[in-house]
Every structure is written in C-alpha cells, then in structure tokens.
Amino acid sequence: MEHEEHLKLLQATAESNQEAFAQLYEATSAQMYAVSLKMLKRKEWAEEAVQEAYVKIWHNASEYQTGKGTVLTWMVSIVRYRALDMLRYHKVRGESELFEGDGDSLFNPDGLAEQVPEKLAECIDELDSEQRQAIHLAYFNGLSHGEVGLHLQSPLGTIKSWIRRGLQSLQRCLSI
Amino acid sequence: MNYLLEARRNALAAEYVLGTLQGGARRRYQQLMMQYSLIRETTWMWEQQINDLSRQLDPVTPEEVVWQKISQRLGFVDVPAGNIVPLVQKKKSAVWQWATGLATAAALILAVVLIRVQTVEVTPPQVAVVQGEKAQALWLIEIDDEIIRVKASDNLQPQLNNDYELWMVAKDGRAPVSLGLLPKSGQLELAKHALFEQVEIVALAVSLEPLGGSPNGLPTTVLYTTELMTL
C-alpha cells in the first residue's frame, strides 16, 4: 500500500506536480533524514544530503522504474550515495570524526525492527554475529573496511572476508 | 577480468550498494554500470534488498527549514509541507512511458559517448569524471601542461540561479582552492593553477554557488567530489 501511494505521488512529481512532491516529502523525509543523520552525524550535513537528494528526486522522478525496487528503497539509495560522497569528502578534509561508537545500539539481540521485511530480517539473523556487525557498520555508518576493522578491532583482511561472506550468505538467502 | 560473471558481478554490486567499494574501484564500477545493463540491473537488485535495512532506523522528522530550502532551490512558491490538499490523480501512463523510454535512450547514448571518450582520448596526462549520485557523468575534466579543459555532459541539469564551481583539495590540508566556474553546457578552458605542480591533490570538488561563484572564497555547498586519474 505504501509503495502504491508513493508511486502515485512520484508519477505526479515526474509531471512537475509540486503538491504531489510536497506530499511525497511529507511521507518519506523522516526515513530519509534518519538514514542521512545516522551516516553523517552532524545535523547540517545530514540536512544538506537530504536537500540534495530531494532536488535529485524532483529532477529524476521519471527515471524511476519498478525494476529499481520500491519507491522508498530507490529514494533511500539516492540519499545514501549522496551521504557516502559527503562523508568521503569530509574525511579527506579531516573534518569528520572517524566514528562515534553509537553503532552498538543497532545490534539488538531481539532482532530487527518490525518494519524490516520478514525475509530480510530472517536472512540477517542467520548471519554470523561478526558478519552482521561488519555489514551493519558499513551500511548504517558508511564505514570503510578499514574503519570497520578499527571499530571491531580486527585486521583488514578479516573484515573484508566477513563482509564478503556475509553478503554471499544474504544473496543465497534472499535469492538475489 | 570478466565483470559479467555472475559471482563477481554480485560481489561488486553488493559492496557498491553497501558503500565498501571505494575510491578508484567505486568509480570504475560506476563506469561499468554505464556500459552494461546487466551490471545496472544487478545493482538495482541489491539496492532494493539492502536498502530495506534502513527501515530499522526510527524515523527522524527533519526541521521545516529543510523543506523550505528544497522548495527555494527548485523555485517553488507557497507549497507548505504540512496541510496539503489531497492529490487528485490523473491518467498519465502515456507520458510516464514516454519519459521512461527517453531516460533509457539517454543512458544508452551516454554509454556510447563514454566508450568513445575512453578509447579516443589518450593524450591528456590527467582526467577526472564528475559523476552524479546515479553514476551519470556530469563533467569530463582533462588537465594537460597548461590548461584545464572541462566539458559539460547533456546529463547536467543547469540551475538558472546558481553556478557550479570547481575546487582543488590538496593533501596538505589547506582550504580548497578555487579553479573557476564550470560550464553549464558545452566546453570551457580554465587556467591551470600553479599549485598543481606544488602540492599533492587528493580530490577535485564541485560546489553549488550563487551566480558568479563563491562569495567568501570557500565552497558553499559541495555537491560532488572526484579524483584525478593519470593516464
């Protein structure tokens, strides 16, 4: 239902309907901002990434195809790539703290939040805990292999292998 | 290396979406996405699966000012984010299909252009491709002994009320150095800054600026970064 509603609004956005775009923003911006804030930590950077993402979505609404997933996952991709670029830029400039250590709260032993699709939650739960932690740190915090290694205090080669094998397991489990 | 082999294709797509494919490998992957539809489709598959993870985060409502800035940048007037009248849905499938077809055609043309650039342009010592979020090339930058040549791609959607400015980010930590305004269409030559020979450059950055360029000598809103590749 959510996807159909978003799709209707996105299709109208593709025809330059500003009200539809405003409604799409209303419906999705809290999720988009949560993703951006988690990665970038600083409010002003997170807001900037969200702004850039919606400007992009307004201009590129007609490029969405259902083969690209739900409207929301497509939009999350856009804000995540923007946040990753900004994160790298600020790291190059030495302006970004490496990691503030708030990732542990994600590793809820009771499993993933209800909103995560059941199959994905099941597949994530099946991963070894190291693989799950490494993938979570990379996904939610935008950490590189090396940074995940610093956080988990494990060598680079080990981290690369955890992430690679974790993703392979997810691929099998999700039938990608 | 065969990027089209299934296992390798999935491994690269997964790490690209996760964000752990970085630096030169990430840029090469973005170029492969432009060239091969199979690689694009594999990436989308991973995006739609992995990005559902974001639902694990509790939503955080951004401040009202975020919407205000978006509407300002897009030139909207009087569209408050709250209290919006319900949308009356109209039939629009024909336009939708047409627009989708056009986007696909544009992507194909871009792939062909890119292959030509890669095979024909062999002389410049350094090049950089500034890419948007979805890996579309926006500017091609070539640097030779004296000149920086910049070509704007047709993908670029120029903003009437802003200029784009190119910056050099040096490894020594100094503030970014402006290299000049980028063309919104066509080609432009910029003078090569003397610092090119004196410092190690870690990245080029593109910022969005008021018309005429940065008012204070520093980038206002950094949109993209890219690295120089030596050929």
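Predicted model only: the values in this text are computed from it and were never measured.

Draft legend 1. Representation of the overall build of chain B. What chain B contains, in helices and strands, is five helices and nine strands. Starting at the N terminus and ending at the C terminus, chain B contains elements arranged as α-α-α-α-α-β-β-β-β-β-β-β-β-β. Looking at the 231 residues of chain B, the share that counts as buried comes to 47%.

Draft legend 2. Representation of the sheet that holds strand β7 (residues 201-210) of chain B in the model. Spatial ordering of the open sheet is given by β5-β4-β7-β8 (chain B), a layout of four strands whose pairing is antiparallel. The sheet is open, and its two edges are formed by β5 (177-181) and β8 (221-226) of chain B, each paired on a single side. Taking the axes of each pair of neighbouring strands and ignoring which way they run, one obtains an average angle of 30° across the sheet. Looking at chain direction, strand β4 (residues 162-170) of chain B and β7(B) are connected through nine bridges and run antiparallel. Opposite V169(B), over in β7(B), you have A203(B) as the bridge partner. Seen against the sheet, helix α4 (residues 71-92) of chain A touches β4, β7 and β8 of chain B and runs at an angle of roughly 85° to β8(B).

Draft legend 3. Molecular detail of the packing of helix α1 (residues 2-14) of chain A against helix α2 (residues 18-40) of chain A. Residue and element names in this part refer to chain A. Running from amino to carboxyl end, α1 crosses α2 at an angle of 145°, the nearest separation of the two axes being 8 Å. Both α1 and α2 take part in a crossing whose hand is left-handed. Between α1 and α2, the residues in contact are H6, L9, L10, A12 and T13 and A20, F21, Q23, L24, A27 and T28, respectively. For the contact of α1 with α2, a count of residues per class yields seven nonpolar, four polar and no charged.

Draft legend 4. Structural detail: the interface of chain B and chain A. Taken residue by residue, the interface counts 76 residues in chain B and 82 residues in chain A. Overall, the association of chain B and chain A removes approximately 7600 Å² of surface from exposure, summing both partners, and the carbon and sulfur fraction of that is 62%. Inspection of the region where chain B meets chain A yields three salt bridges. Linking chain B with chain A are 14 residue pairs in polar contact (both at pLDDT 80 or more). Every element with two or more residues in the side of chain B that touches chain A is listed here: α1 (6-18), α3 (37-50), α4 (64-73), α5 (93-120), β7 and β8 of chain B. For the side of chain B that touches chain A, the leading source of residues is α3(B), giving eight residues. Residues of the side of chain B that touches chain A, tallied by class, amount to 40 nonpolar, 22 polar and 14 charged.

Draft legend 5. Highlighting helix α8 (residues 156-174) of chain A. Here α8(A) contains 19 residues, and its C-alpha end-to-end distance of 27 Å stays within 8% of the 27 Å for a straight helix at 1.5 Å per residue. When α8(A) is considered as a whole, its buried residues turn out to be I159(A), S161(A), W162(A), I163(A), G166(A), L167(A), L170(A), Q171(A), C173(A) and L174(A). Elements in contact with the buried residues of α8(A): α5 (118-126), α6 (129-141) and α7 (145-152) of chain A together with α1 and α3 of chain B. One or two steps after α8(A), the chain reaches S175(A), where phi turns positive at roughly 55°.

The rules we used
Residues numbered from 1 in each chain as written. Chains lettered and ligands numbered in written order. Predicted model: local features only at pLDDT ≥ 70, side-chain atom pairs only at ≥ 80, totals over all residues. Heavy atoms only, no water. Helix = DSSP H or I, 4+ residues; strand = E, 2+ residues; numbered from the N terminus. Buried < 20%, exposed > 50% of the residue type's maximum accessible area, 1.4 Å probe, protein only. Pairing = 2+ DSSP bridges. Axes fitted to C-alpha atoms, helices over the stretch in contact; angles between N-to-C directions. Contact = heavy atoms within 4.5 Å. Left-handed = near helix turned anticlockwise from the far one by under 90°. Nonpolar A, V, L, I, M, F, W, Y, C, P; charged D, E, K, R; others polar. Buried area = accessible area lost by both parts, 1.4 Å probe. Salt bridge = Lys/Arg side-chain N within 4 Å of Asp/Glu carboxyl O. Polar contact = N/O pair within 3.5 Å; in protein donor to acceptor, adjacent residues only side chain to side chain. Expected span 1.5 Å × (residues − 1).

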